[in-house]
Amino acid sequence: MTPKSSIERRIRAAERGLVELSHLIHAHPELGFEEVRASAWISEQLSAAGFDVEHGCYGLPTAIRATVGSGPLRIAICAEYDALPDIGHACGHNIIAAAAVGAGRGLAGLADALGLTVTVLGTPAEEGGGGKVLMLERGAFDEVDAAMMVHPAAVEMAAMPGSAVSMFDVSYRGTPAHAGAYPERGVNAADAMTVAQVAVGLLRQQTTSADRIQGIVTEAGTAPNVIPDASRGRWIVRSDSLEALAPLKARVQRCFEAGALATGCELSTDPVGPDYADMRPDRGMLALYRANAEALGRTFPDLPGGGVVGAATDMGNVSHVVPTIHPMLGLDCAPAVNHQPEFTAACVTTAADRAVLDGALAMAWTAADLAAATGGGLSAP
C-alpha cells in the first residue's frame, strides 16, 4: 500500500466523525475568542487520533496545538472555527476545522515513516481578531517549515489573492442639548460621523482598484429631539499590500479628523485586532496541492482577474514568515457567496461534506509529497 492510499484509507475511515464535527460546529456558531465548544470538540478528535494536544495555548483559551510524529519536515495544518455575528458560519469555518482535523488524522501513524512532524493548530478569531497573528507573535510558527489550510468558497481557487486589511473603531464625543429649545448648546457627534462618511465617499474617487473602505455606524443618538453627544462606528481599510495599506489608512484617518474639526467633537480611533498582511502563497506547494485536488476530481476554472479581490485572512501574516498555501474549496453554490446567509446554508450540504473530505485528502497528500520532494526540509520564503 502506498503512503497516499494509506492516508486515504485513514481519512475515509474517519469520514463520519469528520462530517459530524463539521455539522456540530455549524449548528453551534461561536464568535472569535469564544469558540469554547468548537475547540473542545476538535481537541477531542485529535487526542483520540493519537495527537499530543494542548488546548488553551499561546495565551488564548480557545487556541489548540496538537502534534504527532518527530520527522525533520515540520508541517502546520491550520484550523479555523469562529463564526460571524448574526449569520453564523457564513464563511464555512466548520469545513475548515473538519478538513484540518481530517488531514491530521490521515497523517497520524504515518508521520514518522514519511519524515514528518505534523501539527494541527487551532487558530481562533480569524474574523477580525487576528488569532494567527497573535499566535505567530507568540511563537506558534517558530518551528514550522510549511503551513497550509483550505477555505470554502462558491468556486474552486488554487490561491486566494488576499488583501492587507486594517479594522478599527471610531467614536466621537460631543455635547448633548435639547434639539428644539437649545440647539446652539449642542455639539453633534452624529454630524461628525456624517461629515467623515461624506469625506470617505469622496476619497474613494482617488483610490486604486485594489483599495476598499467599508464601515458601519453602530451608534448615532437615541432620540430625535436630543442632539447626540456620542457616535460610534467600525471601519475596514483594505489594499493589496501592507506597504500600500499604510498611506491609505492615513488618508482615511484624516477623513475622520475632518468630522471632528467641522463639528468640534473629540475623536477616538482604536484598532480592532492586528492588521492582516497580504497573502503570499508558495507556488511550489500550490502546484502540489492542485495536482492532488485534481486527482480527486476537483476542477479549477479560469476566473476573471484571478478570482476574489478584497478578501483577507490572518493566514497572510503567516505567509510572510513560512511557505504557506490557502486554497479555496468550491461548494458549487453560486450565486451564494461568502458572508451571505445562503452561504451559511451551503456549508452543510452534500457538496460541503465532500469538501471536508477532499480538503483533508488534498492537504495530507500534499504534506506527503513535500516530505518526498524535500527529503525533510524546506527553505524559508
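Calculation notes
- The numbers attached to residues start from 1 for each chain and follow its sequence in the written order.
- Owing to the predicted nature of the model, reporting of local features is limited to residues with pLDDT of at least 70; listing and counting of side-chain atom pairs is limited to 80 or more, with chain, interface and lining totals taken over all residues.
- Only hydrogens and water are set aside; all other atoms, that is, all heavy atoms of the structure, feed into the side-chain values.
- Secondary structure follows DSSP: runs of H or I at least 4 residues long count as helices, runs of E at least 2 residues long count as strands, and numbering of each begins at the N terminus.
- Here the expected span of a helix is defined as 1.5 Å times the quantity of residues minus one.
- For each residue, the accessible area found with a 1.4 Å probe, counting protein chains only, is set against the maximum for its type, and the residue is called buried under 20%, exposed over 50%, and partly exposed in between.
- Note that the arc is defined by the directions from the helix axis to the C-beta atoms.
- Contacts are residue-level and defined by heavy atoms, with any inter-residue pair within 4.5 Å sufficient.
- Two strands make a pair as long as DSSP finds a minimum of two bridges between them.
- Predictor confidence is given residue by residue as pLDDT, running from a minimum of 0 to a maximum of 100.
- Here, nonpolar core refers to any group of buried Ala, Val, Leu, Ile, Met, Phe, Trp, Tyr and Cys residues whose side-chain atoms link them within 4.5 Å.
- Convention adopted: a line fitted to C-alpha atoms gives each axis, helices being fitted over their contacting stretch, and angles between N-to-C directions are expressed from 0 to 180 degrees.
- The labels follow the angle: roughly parallel below 35 degrees, roughly antiparallel above 145, roughly perpendicular from 65 to 115, and oblique for the rest.
- With the far helix as reference, a near helix turned anticlockwise by less than a right angle produces a left-handed crossing, and one turned clockwise produces a right-handed crossing.
- In this classification, Asp, Glu, Lys and Arg are treated as charged, Ala, Val, Leu, Ile, Met, Phe, Trp, Tyr, Cys and Pro as nonpolar, and every other residue, Gly included, as polar.
- Any pair of Phe, Tyr and Trp rings, taking the six-membered ring for Trp, is counted once the centres come within 6.5 Å. Such a pair is stacked with planes under 30 degrees apart, edge-to-face with planes over 60 apart, and tilted for the rest.
- Whenever a carboxyl oxygen of Asp or Glu lies within 4 Å of a side-chain nitrogen of Lys or Arg, that contact is scored as a salt bridge.

Caption draft 1: Focus on helix 8 (residues 242-263). Look at helix 8: 32 Å from first C-alpha to last across 22 residues, which is about the 32 Å you get at 1.5 Å a residue. Where helix 8 is concerned, the buried positions are Leu245, Leu248, Val252, Cys255, Phe256, Gly259 and Ala260. Projected onto a plane normal to the axis of helix 8, the buried residues spread over an arc of 145° and lie on a single side. Summarising the geometry of helix 8, the exposed residues directed more than 90 degrees from the buried face are Glu243, Leu261 and Ala262. The inward-facing, buried residues of helix 8 contact strand 7 (164-173), helix 7 (189-203), strand 8 (212-219), strand 9 (230-239) and strand 10 (266-271).

Caption draft 2: Quick peek at the sheet that holds strand 5 (residues 146-148). The sheet built from 6 strands is open, its strands ordered 1-2-4-3-5-11 with mixed pairing. Edge positions in the sheet fall to strand 1 (52-57) and strand 11 (324-325), since each has one partner strand and no second. As paired elements, strand 3 (residues 73-79) and strand 4 (residues 116-122) share 7 bridges and run parallel to each other. Bridge assignment links arginine 74 to a residue of strand 4, and that residue is threonine 117.

Caption draft 3: Quick look at the environment of valine 195. Looking at the element boundaries, valine 195 is found in helix 7. C-alpha of valine 195 to C-alpha of leucine 31: the two residues are 164 residues apart in sequence and 32 Å apart in space. Residues in contact with valine 195, not counting those within four places in the same chain, are Ala258, Gly259 and Ala262.

Caption draft 4: Structural view of the confidence of the model for the protein. Predicted confidence across the protein gives a mean pLDDT of 95, with 97% of residues reaching 70 or more. Taken together, the stretch residues 376-381 has pLDDT below 50 and engages in 14 contacts with residues farther than four places along the chain or on a different chain.

Caption draft 5: How the structure looks around the nonpolar core. Residues Ile7, Ile42, Ile75, Ile77, Leu107, Leu116 and Tyr289 are the most contacted members of the largest nonpolar core, which totals 69 residues. Looking at this core, the element that brings in the most residues is helix 12 (residues 350-374), giving 14 residues. Discounting chain neighbours no more than four positions away, the residues touching isoleucine 7 are Gly106, Leu107, Leu110, Leu114, Ala364, Trp365 and Ala368.

Caption draft 6: The packing of helix 1 (residues 3-13) against helix 12, seen in detail. The geometry of helix 1 relative to helix 12 is characterised by a closest axis approach of 10 Å and an angle of 150° between their N-to-C directions. Compared by their axis directions, helix 1 and helix 12 come out roughly antiparallel. Relative to helix 12, helix 1 is oriented so that their crossing is right-handed. In this structure, helix 1 uses Lys4, Ile7, Glu8, Ile11 and Arg12 to contact helix 12, whose residues at the interface are Leu357, Ala360, Leu361, Ala364, Trp365, Ala368 and Asp369. The residue inventory of the contact of helix 1 with helix 12, partitioned by class, reads 8 nonpolar, no polar and 4 charged.

Caption draft 7: Geometry of the pairing of strand 7. Strand 7 sits mainly inside the fold: 7 of its 10 residues count as buried. Both strand 7 and strand 9 contribute to a ladder of 10 bridges, which runs antiparallel. Residue pairing in the sheet places aspartate 169 in a bridge with arginine 234 of strand 9. Judged from the 6 bridges that link them, strand 7 and strand 10 form a sheet pairing that is antiparallel. Bridge pairing in strand 10 places arginine 173 opposite glutamate 266.

Caption draft 8: Looking closely at the packing of aromatic side chains. A complete count under the given rule lists 2 aromatic pairs for this structure. A centroid spacing of 6.1 Å and a plane angle of 90° characterise the contact between phenylalanine 168 and phenylalanine 256, whose relative ring orientation is edge-to-face. With phenylalanine 168 in strand 7 and phenylalanine 256 in helix 8, this residue pair connects regions lying 88 residues apart in the sequence. Note on accessibility: phenylalanine 168 and phenylalanine 256 belong to one class, buried. Relative to phenylalanine 256, the ring of tryptophan 235 has its centre 5.2 Å away and its plane inclined at 75°; by these criteria the two rings are edge-to-face. Separated by 21 residues along the polypeptide, tryptophan 235 in strand 9 and phenylalanine 256 in helix 8 bring together distant segments of the chain. The exposure class assigned to phenylalanine 256 is buried, which follows from its relative accessible area of 0%. Put simply, the rings of Phe168, Trp235 and Phe256 touch in pairs and so form one group of aromatic residues.

Caption draft 9: Region of the structure containing the pattern of salt bridges. The tally for this structure, following the rule as stated, stands at 16 salt bridges. We note a salt bridge from aspartate 314 to lysine 132, for which the minimum N-O separation is 2.9 Å. Of this pair, aspartate 314 sits in the loop between helix 9 (283-295) and helix 10 (315-319) while lysine 132 sits in helix 6 (residues 131-137); the two residues are 182 residues apart in sequence, bridging distant segments of the chain. A single burial state applies to aspartate 314 and to lysine 132, both of which are buried. Because the salt bridges share partners, they merge into one network encompassing Glu156, Arg298, Arg354 and Asp358.

Caption draft 10: The arrangement of the pairing of strand 9 in detail. Of all the 10 residues making up strand 9, 8 are buried; the element is thus mostly covered by neighbouring parts of the structure. As judged from the 7 bridges shared by strand 8 and strand 9, these two strands associate in the antiparallel manner. Following the sheet pairing, isoleucine 216 is matched in strand 9 by arginine 234.

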